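Reading the structure
Below are the chains, spelled out letter by letter.
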Amino acid sequence: MSDQLFKKRKEEQQIRRQKVLVQRSETWLFVCEGTKTEPIYLDRLIKFANEISSQSPIKSDIRGVGRNTENLVQSVDDFYNFADEFNSLKRGLPYAKTFVLFDKDSFKASQFDNAIKMALSRGYIPIWSNECFELWYILHYEYLNSDIGRETYFKKLTDLLGEKYDKSEDVFSLIHSPQKIKKAMDNARKLEKLFKENDPPHKKVPCTQMNVLIEHIQERLRIDLSK
């Protein structure tokens, strides 16, 4: 009797484990340096994109971990090991995609560049901003190709939004429209073209990779957010 009960429990445990792993294999993981700005924006962006798509929705796991550069990438490694029972299987069934979002800010050039290399070497997709994520917001309104510093970004955003910029606010709802997302995408690509392909990321300022993330979303959901 006890053997049968043990066998039944093992089978139930295996079913639960497989369900979690299958769900994980269909989910996009986002690990963000910030705990407010990026997670709030991503949550609203993905919900909106899912709503206008006829495809199966993107399942997202958004984590704002409050770490920076290399430590952030390491925290993704740690997160992949969040349960011992998955350790032997994690390489075979990772998340569908893993994005790591972080800013250059005042961190050393070597730290910033190394974090990007670390992410790529692990198969993660680095979505970096130089100098900060708020550049992406500004590009919805205007083309900015000068390194003005993060505090000036905040001031400029306050002027553009017509109200004091708050990092914990739902900025997506304030700025998103097909016309503005198209402008932001075009401006981001235009900035990228200012630099040589082999320029280290820390020298690409101002610059953002958020347009790359938008392209992943649009491809997966077969939508065009600019229309």
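This text goes with the structure placed above it.
A short tour of the structure in this document, coming up.

What counts and what doesn't
Residues numbered from 1 in each chain as written. Predicted model: local features only at pLDDT ≥ 70, side-chain atom pairs only at ≥ 80, totals over all residues. Heavy atoms only, no water. Core = buried A, V, L, I, M, F, W, Y, C linked by side-chain atoms within 4.5 Å. Buried < 20%, exposed > 50% of the residue type's maximum accessible area, 1.4 Å probe, protein only. Contact = heavy atoms within 4.5 Å. Pairing = 2+ DSSP bridges. Helix = DSSP H or I, 4+ residues; strand = E, 2+ residues; numbered from the N terminus. Right-handed = clockwise from strand over helix to strand, strands pointing away. Expected span 1.5 Å × (residues − 1). Phe/Tyr/Trp six-rings, centres within 6.5 Å; stacked < 30°, edge-to-face > 60°. Lys NZ or Arg CZ within 6 Å of the ring centre and 35° of its normal. Polar contact = N/O pair within 3.5 Å; in protein donor to acceptor, adjacent residues only side chain to side chain.

**Points about the nonpolar core**
Counting residues in each nonpolar core, the largest one holds 42 residues, and the members touching the most others are Trp136, Tyr137 and Ile217. For Trp136, the contacting residues outside a window of four places in its chain are Tyr41, Ile181, Ala184, Met185, Ala188, Thr208, Met210, Asn211 and Ile214. Val100, Ala115, Ala119 and Cys207 belong to the second largest nonpolar core, which has ten residues in total.

**Overview of the pairing of strand β2 (residues 59-64)**
Inspection of the sheet shows strand β1 (residues 27-32) paired to β2 by six bridges, in the parallel sense. Bridging across to β2, Phe30 finds its partner in Ile62. The parallel pair β1 and β2 is bridged by helix α2 (residues 37-52), and the resulting crossover is right-handed.

**What about helix α9 (residues 210-221)?**
The first and last C-alpha atoms of α9 sit 17 Å apart over twelve residues, in line with the 16 Å expected at 1.5 Å per residue. Here α9 has its buried residues at Met210, Asn211, Leu213, Ile214, His216, Ile217, Gln218 and Leu221. Of the residues one or two after α9, Arg222 is the one with positive phi, at around 55°.

**Digging into the packing of aromatic side chains**
This model, assessed by the stated rule, comprises twelve aromatic pairs. The interplanar angle of 55° and the centroid separation of 5.7 Å between the aromatic rings of Tyr41 and Tyr137 together place this pair among those described as tilted. Within this pair, whereas Tyr41 is found in helix α2, its partner Tyr137 is found in helix α5 (residues 134-138), the two being separated by 96 residues in sequence. For Tyr41, a relative accessible area of 2% gives the class buried. Linked through ring pairs, Tyr41, Phe48, Phe133, Tyr137, Phe154, Tyr165 and Phe172 together constitute an aromatic cluster. When the ring centre of Tyr143 is taken as origin, the NZ or CZ atom of Lys190, which lies over that ring, is 4.2 Å away.

**Details of helix α4 (residues 109-121)**
Because an α-helix packs 3.6 residues into every turn, residues spaced three or four apart end up facing the same way. Between its first and last C-alpha atoms α4 spans 18 Å; for 13 residues at 1.5 Å apiece the expected length is 18 Å, and the two agree. Along α4, the residues classified as buried are Phe112, Asp113, Ala115, Ile116, Met118 and Ala119.

**Structural notes on the environment of Arg44**
Along the polypeptide, Arg44 turns up in helix α2. For the pair Arg44 and Ser173, spaced 129 residues apart in sequence, the C-alpha to C-alpha distance is 7.7 Å. Those residues within four positions of Arg44 in sequence are excluded, and the remaining contacts are Asp170, Phe172 and Ser173. A distance of 3.4 Å separates a polar atom in the side chain of Arg44 from a polar atom in the side chain of Ser173.

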